[in-house]
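# Results of the structural survey
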Amino acid sequence: MVDALGVAVVGFGWMGRVHTRAYARVRHHYPLLGLRPELVTVAEEVPGLAEDAAEQFGFASATRDWREVAADPRVRAVSITAPNFLHREIGVAMAEAGKHIWIEKPVGLTVADARAVADAVAKAGVQGAVGFNYRNAPAVETARELIASGGIGAVTHARIRLFSDYAAHPESALTWRYQRERGGSGVLGDLASHGADLARYLLGDITSLTADTAVFLPERARPTAATTGHARAAGGEPGPVENEDYVGCLLRFASGARGVLEACRVSVGEQNTYGFEVHGTTGAVFWDFRRMNELGVSRGTAYQDQPVSTVYAGPGDGDFAAFQPGAANAMGYDDLKVIEAHRFLRSIAEGTAYGTTLADAVHSAVVLEAMARSAERRAWVDVPPQPYR
């Protein structure tokens, strides 16, 4: 018998929709999952948006106040997809109310925020998952296995890039994303958080780093009405951009490997250019999110002029078999969130964490804070080891 699990979504922008679709699809791809998510309620403060979401996606109820979700006995698990500055307050409150939480990165604005949510989850004995979705790509999981098994020798150096143009237009509205108090560290929390997680997932702990940051578009127009996504606000009163458009960082890993992590939200001509190259003493592995189901792999004993082969993800890679029957059949972004939903729900069903956890959010936040500190000091800084695992 499959148990019903009442779920809620708090914050219904694009990511709230992605979580909702993942709940709707998860048992299509994982029929043996011991829980059946039921859409109980949706919370969104923008007038009318929660009601529209309930009508379109089939939530039983809607509210503008997330506190009603925390008090709702029908809800056992909550997706938190609200803006960054609300992550800590909502995450702690939901955990204290006994709700399992699936929360989007970066889990607040600071290391203290991420730790507060992690501590609340641990104290309440509930499960917590974090939206570092790129590590869920089957090709990325295979890359990790290849690296860990010594398939490219000892890792020498790596490069991780996250370039996007979502904020490149000079008429982009001055939303919460560009304010330090509500958006935190800009592109660090938005994109580099994924990079920090991928770096640790693939290569292990980062021990020290040096970083440089920049704001390339120092002013944007204030919106004159409620906005969602990356809206424009031509003609509005200009205001200052308070957080980073760009970060470039040199990394040192506990293994002795070196790395480069670079992220930018105003890269004209770049759309979701996310990926990595990892080099070892006998080979290399390459991944590009825009060709999500492919890996470039170089292995052998030639050292010089060694070729790179394109390997297509297939049923033996990660969770690929839950979506497609044979290699080179395409998977997409939303599928990564279905994988994430499955691991979250399996964690609840079995009482054991699967996939990303709040500990991963803390580790990422520590790296981001070290980047900001390094950029301010213009110096190398140590990344303190974390008790969270």
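Just above, that's the structure.
Reading the values: the criteria
- Residues numbered from 1 in each chain as written.
- Predicted model: local features only at pLDDT ≥ 70, side-chain atom pairs only at ≥ 80, totals over all residues.
- Heavy atoms only, no water.
- Helix = DSSP H or I, 4+ residues; strand = E, 2+ residues; numbered from the N terminus.
- Polar contact = N/O pair within 3.5 Å; in protein donor to acceptor, adjacent residues only side chain to side chain.
- Contact = heavy atoms within 4.5 Å.
- Pairing = 2+ DSSP bridges.
- Axes fitted to C-alpha atoms, helices over the stretch in contact; angles between N-to-C directions.
- Phe/Tyr/Trp six-rings, centres within 6.5 Å; stacked < 30°, edge-to-face > 60°.
- Buried < 20%, exposed > 50% of the residue type's maximum accessible area, 1.4 Å probe, protein only.
- Lys NZ or Arg CZ within 6 Å of the ring centre and 35° of its normal.
- Salt bridge = Lys/Arg side-chain N within 4 Å of Asp/Glu carboxyl O.
- Core = buried A, V, L, I, M, F, W, Y, C linked by side-chain atoms within 4.5 Å.

Position of Glu141 among the secondary structure elements: in helix H6 (residues 138-148). Within the local environment of Glu141, its side chain forms a polar contact with the side chain of Arg343, the two groups lying 3.1 Å apart. Each residue touching Glu141, except ones within four places of it in the same chain, is listed here: Arg135, Asn136, Tyr201, Gly318, Asp319 and Arg343.

Strand order across the open sheet formed by 6 strands is E3-E2-E1-E4-E5-E6, with parallel pairing between neighbours. The strands lining the two open edges of the sheet, one partner per strand, are strand E3 (61-63) and strand E6 (128-130). Mean inter-strand twist for the sheet, computed between neighbouring axes without regard to direction, equals 25°. One ladder, built from 3 bridges, connects strand E2 (residues 35-43) with E3; its direction is parallel. Each bridged residue has a counterpart across the sheet, and for Thr41 the counterpart in E3 is Ser61. Most of the contacts of helix H2 (residues 49-57) go to E3, to which it runs at about 160°, and overall it touches E2 and E3.

Under the defined criterion, the tally for this structure stands at 14 aromatic pairs. Consider the rings of Tyr23 and Trp102, whose centres lie 5.5 Å apart with planes at 90°: the pair is edge-to-face. Highlighted residues: Tyr23 in helix H1 (residues 14-29) and Trp102 in strand E5 (residues 100-103), separated in sequence by 79 residues. Assigned by exposure class, Tyr23 and Trp102 land together as buried. Both rings, one in Phe216 and one in Tyr246, keep their centres 5.9 Å apart while their planes meet at 45°; by these two values the pair is tilted. Of this pair, Phe216 sits in the loop between strand E8 (206-214) and strand E9 (219-221) while Tyr246 sits in strand E11 (residues 246-253); the two residues are 30 residues apart in sequence, bridging distant segments of the chain. On the accessibility criterion, Phe216 (48% relative accessible area) is partly exposed. Sitting above the plane of the Trp380 ring, Arg252 keeps its charged end 3.9 Å from the centroid.

Ordered by their spatial adjacency, 9 strands build an open sheet running E16-E15-E14-E13-E7-E12-E11-E8-E17, and the pairing between neighbours is mixed. Edge positions in the open sheet fall to strand E16 (309-312) and strand E17 (381-382), since each of these has one partner strand only. Seen against the sheet, helix H10 (residues 358-377) touches E8, E11, strand E12 (258-264) and E17 and runs at an angle of roughly 55° to E8.

The final tally for this structure, using the stated rule, is 26 salt bridges. Among the salt bridges present, the one from Asp334 reaches Arg21, with a minimum N-O distance of 3.1 Å. A residue pair is termed long-range when its members are at least 10 positions apart, and Asp334 in helix H9 (residues 333-350) and Arg21 in helix H1 qualify at 313 residues. In this structure Arg21 comes out as partly exposed when scored by relative accessible area, which is 29%.

This part takes up the environment of Ala124. Counting through the fold element by element, Ala124 comes out in helix H5 (residues 111-124). A residue is classified by how much of its surface remains accessible, and Ala124, at 35% relative accessible area, is partly exposed. Through-space distance from the C-alpha of Ala124 to that of Ala97 is 8.2 Å; in sequence the pair is 27 residues apart.

What follows deals with the nonpolar core. Counting residues in each nonpolar core, the largest one holds 124 residues, and the members touching the most others are Met94, Leu209, Val285, Trp287, Leu358 and Met371. In this structure, Leu358 is in contact with Ile103, Val107, Val117, Ala118, Val121, Gly128, Ala129 and Val130, ignoring residues within four places of it in sequence.

Okay, helix H4 (residues 87-96) next. Those residues of H4 that sit buried are His87, Ile90, Gly91, Val92, Met94 and Ala95. Residues of H4 that are buried sit in contact with strand E1 (3-10), helix H3 (66-71), strand E4 (77-80), E5 and H5. Immediately beyond the C-terminal end of H4, within one or two residues, lies Gly98, with a positive phi of roughly 85°.

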